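A closer look at the structure
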Amino acid sequence: MDFELNEDQRAIEDAARRFARDRLAPNAAEWDATEHFPVDALREAAGLGFAGIYVKSDVGGSEMSRLDAAIVMEELSAGCTSTAAFISIHNMASWMIDRFGNEEQRKRFLPQMTSMAKIASYCLTEPGSGSDAASLKTKAVKDGDRYVLNGGKAFISGAGVSDLYVCMVRTGEDGPKGVSCIVVEKGTPGLSFGKKERKMGWNSQPTAQVLFDNCRVPVANRIGAEGEGFRIAMAGLDGGRINIGACSVGTARAALDEAMAYARDRKQFGRAIGDFQANQFKLADMATELEASRLMIRSAAAALDRRDPRATMLCAMAKRFATDTGFKIANDALQLHGGYGYLKDFPAERHVRDLRVHQILEGTNEIMRVIVARELSRQ
């Protein structure tokens, strides 16, 4: 059991860290304040191979592992949580097409996705189906060589800007077996978008509803067979949970680094606040919890890579632990800053706002507990 990164992984880590340091971190506060979606930066990340991380190379992918992806996401998130998280979403959509699409679909969609010439969104959640994803209502009725879509998706990152929408829709019976996966292209008649949501965090990416009103989509855009959509969605979420947990680790690491620097510089009662044992213990606990989170994320990623039968449970465990812990570390870092942590002059409050949603998306942390409990009951 070797916990050290190999030479290739060190190179990947270094490339992602330099990009985060030079391109993301200097702009993160402005992107947050102005709600700017940094498409140019996304395409620069794609140029480093970060838009098709685990997509095959024949369509421009990097063919990296899930562990490699976790390394990349941790580093990118240390620069800008919101932007890193969107890159994760785009990669989830790319992987679904690469893994479950046919050759024609792979060649048609993926070369432009791996370069981010076309940006993708993942559409599962609906206004009436969040945690109960299998109860989704968006309907797709076959009419000749087209599906006619009616319904809507909620909380979709990139909505209105993205070029491709990988959607889970109902083509058959109620429940998971009636769900299929269809790619809807921007500009398709009947496709529209709701108002841009006003959010607590994740402000460098737009979020809105995706709406279908007799939206006619070619049958050739269906990924996999009819009825396979829910399985495809859940398979994508295993990796998505690893990535969002890794994003929490990266942001928590940045928050810890900033808290340690502040504790060295800030003086009260004639001493640096980092000299007080209470604060030393707080920082020690934050560092310990950060290391534990990273280990859980990387262990689950490795399990996914080797197709361990426990991978889904391990991904749920890691996502729950890392996102809860990451938020706590960021919140503790804000507390160590005192009143200054509450000001937007410091990044501490942005870290807290951005990390809060990680406990909700890719399956709430309550659903993560349901997954773990269900697996335990089978043992």
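Since the structure is predicted, the reported quantities are computational estimates derived from the model, not experimental observations. (Residues numbered from 1 in each chain as written. Predicted model: local features only at pLDDT ≥ 70, side-chain atom pairs only at ≥ 80, totals over all residues. Heavy atoms only, no water.)

**Thoughts on the overall build of the chain**
In terms of regular secondary structure, the chain is built from 10 helices and 10 strands. Expected size for 379 residues packed as a compact globule is a radius of gyration near 21 Å; at 21 Å, the chain falls within 12% of this value. Overall size of the chain, expressed as C-alpha extent along the three principal axes, is 80 × 50 × 40 Å. Taken across its 379 residues, the chain has 55% of its residues classed as buried. Within the chain, contacts between residues separated by at least 24 positions form 74% of all contacts whose residues are at least 6 apart in sequence. A total of about 16,400 Å² of accessible surface is found on the chain, and carbon and sulfur atoms cover 52% of it. (Helix = DSSP H or I, 4+ residues; strand = E, 2+ residues; numbered from the N terminus. Rg over C-alpha atoms; globule rule 2.2 N^0.38 Å. Buried < 20%, exposed > 50% of the residue type's maximum accessible area, 1.4 Å probe, protein only. Contact = heavy atoms within 4.5 Å. Areas by Shrake-Rupley, 256 points an atom, 1.4 Å probe, with all protein chains shown as cover.)

**Some remarks on the packing of aromatic side chains**
For the structure shown, the criterion picks out 6 aromatic pairs. Aromatic side chains F269 and F276 sit 6.4 Å apart centroid to centroid with 85° between the ring planes, which places their arrangement in the edge-to-face category. Overall, F269 belongs to the exposed group, its relative accessible area being 78%. With centroids separated by 5.8 Å and ring planes inclined at 55°, the aromatic side chains of Y340 and F346 adopt a geometry described as tilted. According to the relative accessible area criterion, F346 is partly exposed, its value standing at 26%. Of the aromatic side chains, those joined through ring pairs into one cluster are Y262, Y340 and F346. The ring of Y54 has R66 sitting right over it, with the charged end atom 3.8 Å from the ring centre. We note R356 situated over the ring of F327; from NZ or CZ to the ring centre the distance is 5.8 Å. (Phe/Tyr/Trp six-rings, centres within 6.5 Å; stacked < 30°, edge-to-face > 60°. Lys NZ or Arg CZ within 6 Å of the ring centre and 35° of its normal.)

**Looking at the pairing of strand 7 (residues 207-218)**
Consecutive side chains along a regular strand alternate between the two faces of the sheet. With 9 bridges joining them, strand 3 (residues 146-157) and strand 7 adopt antiparallel strand pairing. Bridged to Y147 within strand 7 is V217. Relative to strand 7, strand 6 (residues 191-193) runs antiparallel, the two being bridged by 3 bridges. Each bridged residue has a counterpart across the sheet, and for F193 the counterpart in strand 7 is V210. (Pairing = 2+ DSSP bridges.)

**Notes on helix 2 (residues 39-47)**
Where helix 2 is concerned, the buried positions are V39, A41, L42, A45 and A46. Within helix 2, the buried residues cover an arc of 160° as seen down the axis, which keeps them to one side. More than 90 degrees from the buried face of helix 2, the exposed residues found are D40 and G47. For helix 2, the elements touching its buried residues are helix 1 (7-34), helix 4 (81-100) and helix 5 (103-114). Residue G49 follows helix 2 closely and has a positive phi angle near 95°. (Arc of directions from axis to C-beta.)

**Brief notes about the pairing of strand 1 (residues 120-123)**
Burial of strand 1 is two-sided: the residues A120 and Y122 facing one way and the residues S121 and C123 facing the other way are all buried. Where strand 1 lies against strand 4 (residues 164-170), 4 bridges are found, and the strand directions are parallel. Each bridged residue has a counterpart across the sheet, and for S121 the counterpart in strand 4 is Y165.

**Section: a nonpolar patch on the surface**
On the surface, a nonpolar cluster with roughly 430 Å² of combined accessible area is contributed by M1, F3 and L295. Using a relative accessible area of 58% as the deciding quantity, one classes F3 as exposed. (Patch = residues over 30% accessible without salt bridge, like charges linked within 9 Å, V, L, I, M, F, W, Y side chains within 5 Å. Salt bridge = Lys/Arg side-chain N within 4 Å of Asp/Glu carboxyl O.)

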